[in-house]
Amino acid sequence: MFIAIFNLNIAACQLPNLLLTPVQLMTIVPQISLGNYIFGVEEDVAQIFALLTSDLRAAVTLGGYSILRGIAAWALLVPFFTFAVYKILLVFISKAMPNK
């Protein structure tokens, strides 16, 4: 929808998503751990991921709320990271495109 409204190139919009997939996957465990820490829950995230290979139902049952707490931690962090990335990009863009 966003791409159609602003008439953007689909490939150019998907490329950053594909390039950042490894980063997204690397942040799953820290986000879940942070969510558990914020909500004061003592759960071993490694145990949940070990269960994924042996018993998916037990992993979902045990880790379902941990995943929700990880999503809540992500939602708390996103505004700060977005602001930081905006400020950093603003510096680079203002140098690349000086005012006339």
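Model, not experiment: these values are computed from the prediction.

Focus: the packing of helix 5 (residues 45-54) against helix 6 (residues 56-96)
Then, in step 1: The contact between helix 5 and helix 6 brings their axes to 7 Å, and the two run at 150 degrees. Classified by the angle their axes make, helix 5 and helix 6 are roughly antiparallel. You can see that helix 5 and helix 6 cross each other, and the crossing is left-handed. Across the interface between the two elements, Q47, I48, L51, L52 and S54 of helix 5 pack against L56, A58, A59, L62, G63 and S66 of helix 6.

What to know about helix 6
Then, in step 1: The terminal C-alpha atoms of helix 6 lie 50 Å apart, and with 41 residues this falls more than 12% below the ideal 60 Å at 1.5 Å per residue.
Then, in step 2: The sharpest bend along helix 6 measures roughly 50 degrees and falls at G63.
Then, in step 3: Inspection of helix 6 places A59, G63, S66, R69, G70 and A73 among the buried residues, and these make up the whole buried set.
Then, in step 4: Where helix 6 is buried, its residues touch helix 4 (28-38) and helix 5.

Rules used in this analysis
Residues numbered from 1 in each chain as written. Predicted model: local features only at pLDDT ≥ 70, side-chain atom pairs only at ≥ 80, totals over all residues. Heavy atoms only, no water. Axes fitted to C-alpha atoms, helices over the stretch in contact; angles between N-to-C directions. Helix = DSSP H or I, 4+ residues; strand = E, 2+ residues; numbered from the N terminus. Parallel < 35°, antiparallel > 145°, perpendicular 65-115°, else oblique. Left-handed = near helix turned anticlockwise from the far one by under 90°. Contact = heavy atoms within 4.5 Å. Expected span 1.5 Å × (residues − 1). Bend = angle between axes of the 7 residues up to and from the residue. Buried < 20%, exposed > 50% of the residue type's maximum accessible area, 1.4 Å probe, protein only.

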